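Examining the three-dimensional arrangement
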Amino acid sequence: MHSILLQLKNELTPFEFDNYISQLSYNEKYSRDDRIVLNAPNIFVASWIKTKYANKIAHLFEAHNGFKPEVIIEVLNPNKKKENKPNIRKQNTASNLNPSFTFASFVVGNSNTFAFNVAKAVAQNQSTSYNPLVIYGNTGLGKTHLLNAIGNANVSVGKNVIYTTSEQFLNDFLFHIRNNTMERFREKYRACDYLLIDDIQFLSGKDQIQEEFFHTFNELKENNKQIVLTSDRPPKDMNGLEERLKTRFTSGLLADIQPPELETKINIIRAKCELDGIHLNDAIINFIAANINDNIREIEGVLVKLNFSMNVTNIQEISLEFIKDILKEYIKESKENVDMDSIIETVSRYYNLKPSDIKSKSRSKNIVTARKIVIYLARTLTPNSMPYLANFFGMKDHSTVSKAMKSIQNEINENQNFKTIIEEIKNKIK
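Residues numbered from 1 in each chain as written. Predicted model: local features only at pLDDT ≥ 70, side-chain atom pairs only at ≥ 80, totals over all residues. Heavy atoms only, no water.

Some details on the UniProt feature "binding site: ATP" (unreviewed entry) in the protein chain
Summarizing the sequence annotation, UniProt attributes the feature "binding site: ATP" (unreviewed entry) to Gly140, Gly142, Lys143 and Thr144 in the numbering used throughout. Residue position: glycine 140 is located in the loop between β4 (133-136) and α6 (143-155). Note on glycine 140: relative accessible area 3%, which makes it buried. Each residue touching glycine 140, except ones within four places of it in the same chain, is listed here: Asp294, Asn295, Ile296 and Arg297. Relative to the helices and strands, glycine 142 resides in the loop between β4 and α6. Given the relative accessible area of 13%, glycine 142 is considered buried. Not counting residues within four places of it along the chain, the set of residues in contact with glycine 142 comprises Phe106, Ile257 and Ile296. (UniProt positions renumbered as here; feature names shortened; annotations may be inferred. Helix = DSSP H or I, 4+ residues; strand = E, 2+ residues; numbered from the N terminus. Buried < 20%, exposed > 50% of the residue type's maximum accessible area, 1.4 Å probe, protein only. Contact = heavy atoms within 4.5 Å.)

This is the structure in structure tokens:
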């Protein structure tokens with residue numbers, strides 16, 4: 001294991017390797033073929049490595065040994081080294097569940113309310129509400145959190161829960177095929193109360209495992225066992241997935257998760273700051289929400305980096321400049337090639353309007369506001385002149401453009417929430 005970690009030395013900066021990777025120790029006692037347990041000296045190093053390097057370590061191990069293990073980072077208690085034991089249950093009681101992913105810790109907003117409510121109903125009523133439940137949406141929006149929440153809720157009441165990714169499911173299948181122990185594989189996956197599989201789309205194109213999963217699915221369903229799957233797309237769009245599986249996936253309920261709106265992102269940051277003991281004022285929270293993408297994992301990564309930086313530097317008060325430095329790799333500093341069409345498209349999508357509405361003569365309040373924002377962003381992000389914008393929108397002269405600019409600037413100066421909205425729209429422009 002030491003030689004595998006040393007391979008990272010060539011891929012990371014000396015600072016990264018010395019401050020993170022070199023502090024890891026291999027826990028041979030609690031590791032096994034499909035699971036690597038590494039000890040970190042404190043929670044900050046552990047959190048940072050989980051976020052940034054765990055997947056890379058797993059891939060290096062796979063390249064070296066032929067299969068990809070689960071990588072677990074545990075904080076080593078220096079006072080109880082001999083007794084330190086990771087919080088790992090047997091596989092048939094959901095060893096991979098993240099205990100921090102619960103319904104209580106999930107931040108609900110307009111973008112995920114339906115998926116949250118359905119997941120909670122499934123957690124409380126095994127195989128009586130929606131079976132299977134397929135939760136789909138882009139990466140980093142909370143699908144894995146809800147899957148873990150369902151698992152945690154049922155493990156706590158003694159249910160037999162299996163939580164796995166499609167990749168781990170496939171690796172387990174291949175392991176038992178090689179060792180002629182398929183009966184053990186079937187006993188394991190067909191005897192559970194809840195089968196939770198993350199990223200089911202990765203079974204596409206793999207005929208042998210699809211055949212096995214088809215029979216596993218049928219037996220669980222016939223025995224009133226609950227199946228919950230997540231995917232980055234709806235079943236109908238999974239190319240390489242057998243039609244009979246698509247039919248079964250759509251026989252239950254599909255719940256999609258949309259990217260979080262600004263208010264939800266702000267609430268997510270507040271909730272995670274409270275959990276991690278990070279104290280940020282509203283202006284800084286709003287700045288982070290506006291300048292970070294809609295990926296919740298990215299938000300978590302920023303806060304982990306912030307927490308670590310605060311502890312390393314012993315900083316007492318967090319300034320906006322400090323936050324900008326933390327976010328520099330996330331913030332889009334340059335807006336080269338921004339044009340009117342991209343601005344109009346982004347603003348219209350944000351306000352749920354048609355691009356033609358903004359270009360129209362409509363005096364509807366929300367359309368007028370959106371049009372002013374387009375004018376403001378066009379003047380600040382493109383070289384277009386006020387006369388050009390006046391002509392573009394069919395205005396009498398550039399004085400109307402000037403008034404729109406002043407109106408938006410005044411609102412930005414007086415309204416922190418509006419300022420945050422403008423920053424977020426800027427960040428979304430491509």
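Next, the rest of the story.
Some points on the UniProt feature "domain: AAA+ ATPase" (unreviewed entry) in the protein chain
Here the UniProt-annotated "domain: AAA+ ATPase" (unreviewed entry) positions come out as residues 129-261. The span residues 129-261 shows a helical share of 44% and a strand share of 18%, and its end C-alpha atoms are spaced 29 Å apart.

Let's talk about helix α11 (residues 262-276)
The terminal C-alpha atoms of α11 lie 21 Å apart, and with 15 residues this matches the ideal 21 Å at 1.5 Å per residue to within 8%. Those residues of α11 lying buried are Leu262, Thr264, Lys265, Ile266, Ile268, Ile269, Lys272 and Cys273. Looking at the buried residues of α11, the elements they touch are α12 (282-291), α13 (296-313), α15 (340-350) and α20 (416-428). Positive backbone phi, at 70°, marks glycine 277, one or two positions downstream of α11. (Expected span 1.5 Å × (residues − 1).)

Remarks on the sheet that holds strand β2 (residues 35-40)
Judged by pairing direction, the sheet is mixed, and its 3 strands sit side by side in the order β1-β2-β3 without closing on themselves. Both outer strands of the open sheet, β1 (25-26) and β3 (70-75), are each paired with one neighbouring strand and no more. Pairing geometry for β1 and β2, over 2 bridges, is antiparallel. Note that in β2 the partner of serine 25 across the bridge is asparagine 39. (Pairing = 2+ DSSP bridges.)

Let's talk about the nonpolar core
Grouped together as the largest cluster of nonpolar side chains are 27 residues, with contacts concentrated most on Ile343, Val347, Ile358, Ile373, Val374 and Leu377. Within the residue set of this core, elements represented by two or more residues are α15, α17 (365-381), α18 (386-392), α19 (398-414) and α20. Broken down by element, the residue count for this core peaks at 8 residues, all from α17. (Core = buried A, V, L, I, M, F, W, Y, C linked by side-chain atoms within 4.5 Å.)

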